[in-house]
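# Residue-level structural notes
Here are the chains, one letter per residue:
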Amino acid sequence: MFSLLKWLFIAVAVFAIATAEPEQRSKMYEGAKAFGFAIVSACQRPGSPCTEAIASTKAIVATLLERASGMSLEEQGREGDYQE
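Residues numbered from 1 in each chain as written. Predicted model: local features only at pLDDT ≥ 70, side-chain atom pairs only at ≥ 80, totals over all residues. Heavy atoms only, no water.

### Examining the overall build of the protein chain
Condition: Numbering of helices and strands runs from the N terminus, with a helix taken as a DSSP run of H or I at least four residues long and a strand as a DSSP run of E at least two residues long. Using a 1.4 Å probe on the protein chains alone, a residue whose accessible area is under 20% of its type maximum counts as buried, one over 50% counts as exposed, and one in between counts as partly exposed. Here the Shrake-Rupley method, with its probe set to 1.4 Å, supplies the accessible areas, and only the displayed protein chains count as covering residues.
A count of helices and strands for the protein chain gives four helices and zero strands. A buried classification covers 4% of the 84 residues belonging to the protein chain. A total of about 7300 Å² of accessible surface is found on the protein chain, and carbon and sulfur atoms cover 67% of it.

### Structural notes on the pattern of salt bridges
Which entries qualify depends on this criterion: Every case where a carboxyl oxygen of Asp or Glu lies within 4 Å of a side-chain nitrogen of Lys or Arg is listed as a salt bridge.
Across all of its chains, the model carries one salt bridge by this definition. Lys27 is the salt-bridge partner of Glu23, the closest N and O atoms lying 3.4 Å from each other. Linking Glu23 with Lys27, this pair stays in helix α2 (residues 22-42), spanning four residues, or about one helical turn. Overall, the relative accessible area of 52% leaves Glu23 in the exposed class.

### A look at the state of the cysteines
To keep it simple, the criterion reads: Criterion for a disulfide: a pair of cysteine sulfur atoms at a distance within 2.5 Å.
With the rule as written, the count across this model stands at one disulfide. Between the sulfur atoms of Cys43 and its disulfide partner Cys50 the distance amounts to 1.7 Å. One quick way to see it: the torsion about the S-S bond of Cys43 and Cys50 is about 85 degrees, and its sign makes the bridge right-handed.

### Considerations on a nonpolar patch on the surface
Our working rule: Patch building starts from residues that exceed 30% relative accessible area and form no salt bridge, then joins like charges within 9 Å and nonpolar side chains (Val, Leu, Ile, Met, Phe, Trp, Tyr) within 5 Å.
There is a patch of nonpolar side chains on the surface, built from Met1, Leu4, Leu5, Leu8 and Val12 and spanning about 570 Å² of accessible area. Taking relative accessible area as the criterion, Met1 reaches 75% and is therefore assigned exposed.

### A short note on the side chain of Ser48
Counted only if it meets this: As used in this structure description, the phrase polar contact means that two N or O atoms lie within 3.5 Å; if the pair is within protein, one of them must be able to donate a hydrogen and the other to accept it, and residues adjacent in sequence are counted only when both atoms belong to side chains. The contact definition used throughout considers only heavy atoms, calling two residues in contact when any of these lie within 4.5 Å.
Take Ser48: it is sitting in the loop between α2 and α3 (49-69). A polar contact of 3.3 Å, which involves the side chain of Ser48, links it to the backbone oxygen of Arg45. Those residues in contact with Ser48, other than ones at most four positions away along the chain, are Ala42 and Cys43.

### A closer look at the confidence of the model for the protein chain
Selection criterion: On a range of 0 to 100, pLDDT expresses the predictor's confidence in each residue.
Residues with a pLDDT of 70 or more make up 83% of the protein chain, whose mean pLDDT is 84. Least confident of the elements in the protein chain is helix α4 (residues 73-83), whose mean pLDDT is 58; most confident is α2, at 93.

Below, the structure written as structure tokens:
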């Protein structure tokens, strides 16, 4: 039942966007753009959950890359300097 309501809501939203007047569409675009900028701003604030999640993800990826290559990222950077 919930899935049906979800798809019904999505269908109505798509219909509303597709049939909106040009002025309404431009306002929807501006709202979506403002929402995107708000998300980026929130993810750049020190100590925010988003910032901490990004830092944790970077640390995990760096560790996985080190294990996969057998050398630290610093060593990889120095090796790249010698190859140029």
